[in-house]
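Topology and contacts: notes
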Amino acid sequence: MEMVLLTAVGVGGATVFGALIGFLFKDVSHKFSDIVLSFAAGVMLSAAVLGLVVPSLEYGGKFGIIITICGIFAGALCLNLIDKLVPHLHKLVGPDIEAHNNAGLSKVLLFVMAIAIHNLPEGIAAGVGFGSDNPSQALLIAGGIALQNIPEGMVIIAPMLSAGIKPKRTFICAALTGLVEVIGTLIGYFAVSVSQAILPFALAFAGGTMLYVVSDEMIPETHAHGSERGATYALLVGFCVMLISDVLLG
């Protein structure tokens, strides 16, 4: 339990760390942020497959493939529904936000709320990983999600400041989005702790949410500013880093 709590704080704290970087470097180039986010996408992609989908097949027994496929699509559909209710990232934040503009302010606050809502299933994915008998694998999953949270925390800051929100309130909002992820991690852990019967489905569900985030949000975002080639190789590097980590810790 101690490890789960530390992991939950670490996953949520990664968003806060990213926010601090956002304060220090308000004008981070798109190319740099795309490379970092692509690396994180590769890590998350590998973590979803190796740490969630494959274990789901192993724990599912005779009907493992059916449970896993259903879980993957359930996770993806869940985030798809959330997207319809509250769009995320590239769908909300654009260059048209002007300082001290009420419309811009509303758009930025909606953006922050969207990140907070999306962080809940990501946190659940981190917590579900601890339901298996492989804590090192769970830590790798959490590490991949935390890595993705750093650039996400970075991109929160500049739009909020430009919309006229005071730095202190901006930081508090960023911290709250991280807190949601801490809560999600604990929910995921306790859900599989209460009933191991749901573990195969829960693992696949978490994997589906991560695959959806990578495909629907992270890859399009990193390919939207002219850095497609570098972003692609950064994703491959992130994927391979997780492969190496899995072999070494396995």
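Okay, so let's go over this structure. (Residues numbered from 1 in each chain as written. Predicted model: local features only at pLDDT ≥ 70, side-chain atom pairs only at ≥ 80, totals over all residues. Heavy atoms only, no water.)

1. Let's talk about the overall build of the protein
Broken down by element type, the protein carries eight helices and zero strands. Looking at the protein residue by residue over its 250 residues, the buried ones come to 47%. Of the contacts made within the protein by residues no fewer than 6 positions apart, 86% connect residues no fewer than 24 positions apart. For the protein, the exposed surface amounts to about 11600 Å²; the carbon and sulfur share of it is 72%. (Helix = DSSP H or I, 4+ residues; strand = E, 2+ residues; numbered from the N terminus. Buried < 20%, exposed > 50% of the residue type's maximum accessible area, 1.4 Å probe, protein only. Contact = heavy atoms within 4.5 Å. Areas by Shrake-Rupley, 256 points an atom, 1.4 Å probe, with all protein chains shown as cover.)

2. So, the packing of aromatic side chains
Inspection of every chain in the model, using the stated rule, returns three aromatic pairs. Both rings, one in F23 and one in F171, keep their centres 6.5 Å apart while their planes meet at 45 degrees; by these two values the pair is tilted. Linking F23 in helix α1 (residues 2-24) with F171 in helix α6 (residues 167-194), this pair joins segments that are 148 residues apart in sequence. On the basis of relative accessibility, which here comes to 29%, the residue F171 falls in the partly exposed class. Between the aromatic rings of Y189 and F190, the centroid separation amounts to 5.4 Å while the plane-to-plane angle is 65 degrees, which identifies the pairing as edge-to-face. We classify F190 as partly exposed; its relative accessible area is 41%. (Phe/Tyr/Trp six-rings, centres within 6.5 Å; stacked < 30°, edge-to-face > 60°.)

3. Considerations on the side chain of T209
In this structure, T209 sits in helix α7 (residues 199-222). Looking at T209, its side chain comes within polar contact range of the main-chain oxygen of A206, at 2.6 Å. Setting aside anything within four residues of it in sequence, one finds T209 in contact with G75, A76, L79, P121 and A125. (Polar contact = N/O pair within 3.5 Å; in protein donor to acceptor, adjacent residues only side chain to side chain.)

4. Concerning the packing of helix α2 (residues 30-59) against helix α3 (residues 64-85)
The geometry of a pair of packed helices is captured by two quantities: the angle between their axes and the separation between those axes. Between α2 and α3, the shortest axis-to-axis distance is 7 Å and the interhelical angle comes to 145 degrees. Of the two elements, α2 crosses α3, and the hand of that crossing is right-handed. For the pair α2 and α3, the contacting residues are V53, S56 and L57 in the first and G64, I65, T68 and I72 in the second. Of the residues that constitute the contact of α2 with α3, the class distribution is four nonpolar, three polar and no charged. (Axes fitted to C-alpha atoms, helices over the stretch in contact; angles between N-to-C directions. Left-handed = near helix turned anticlockwise from the far one by under 90°. Nonpolar A, V, L, I, M, F, W, Y, C, P; charged D, E, K, R; others polar.)

5. Concerning the packing of α2 against α7
Orientation of α2 relative to α7, taken along the N-to-C sense of each, is 160 degrees, at an axis distance of 8 Å. Here α7 runs roughly antiparallel to α2, going by the angle between their axes. As for the relative orientation of α2 and α7, their crossing is left-handed in sense. (Parallel < 35°, antiparallel > 145°, perpendicular 65-115°, else oblique.)

6. Structural notes on the nonpolar core
One recurring pattern in soluble globular proteins: nonpolar side chains tend to sit buried together. Core analysis: the biggest nonpolar cluster contains 31 residues, and M44, L52, V128, I141, I145, M210 and M218 have the highest contact counts within it. Within the residue set of this core, elements represented by two or more residues are α2, α3, α4 (102-128), α5 (135-162), α7 and α8 (228-249). Of all the elements, α7 adds the most residues to this core, at nine residues. One finds I115, I156, M160 and I165 within the second-largest nonpolar core, a separate group that totals five residues. (Core = buried A, V, L, I, M, F, W, Y, C linked by side-chain atoms within 4.5 Å.)

7. Here we look at α1
With 23 residues, α1 should cover 33 Å at 1.5 Å per step; its first-to-last C-alpha distance of 32 Å lies within 8% of that length. When the local axis directions of α1 are compared, the greatest deviation, roughly 30 degrees, occurs at G13. For α1, every residue scored as buried is listed here: V4, T7, A8, V11, G12, A14, T15, G18, A19, G22 and F23. (Expected span 1.5 Å × (residues − 1). Bend = angle between axes of the 7 residues up to and from the residue.)

8. Things to note about the environment of T68
Tracing the backbone shows T68 in helix α3. For T68 and E58, which are 10 residues apart along the polypeptide, the C-alpha to C-alpha distance reads 9.6 Å. The contacts of T68, once residues within four sequence positions are left out, are V53, S56, L57 and A204.

9. Digging into α2
The first and last C-alpha atoms of α2 sit 41 Å apart over 30 residues, in line with the 44 Å expected at 1.5 Å per residue. At A48, α2 shows its largest bend, some 30 degrees. Count one or two residues on from α2 and you reach G61, which has phi positive near 65 degrees.

10. A word on a nonpolar patch on the surface
On the surface, L57, F63, I65, I66, I69, F73 and L77 cluster together into a nonpolar patch covering about 710 Å² of accessible area. For the nonpolar patch, the element with the most residues is α3, which contributes five residues. Inspection of the secondary structure puts L57 in helix α2. (Patch = residues over 30% accessible without salt bridge, like charges linked within 9 Å, V, L, I, M, F, W, Y side chains within 5 Å. Salt bridge = Lys/Arg side-chain N within 4 Å of Asp/Glu carboxyl O.)

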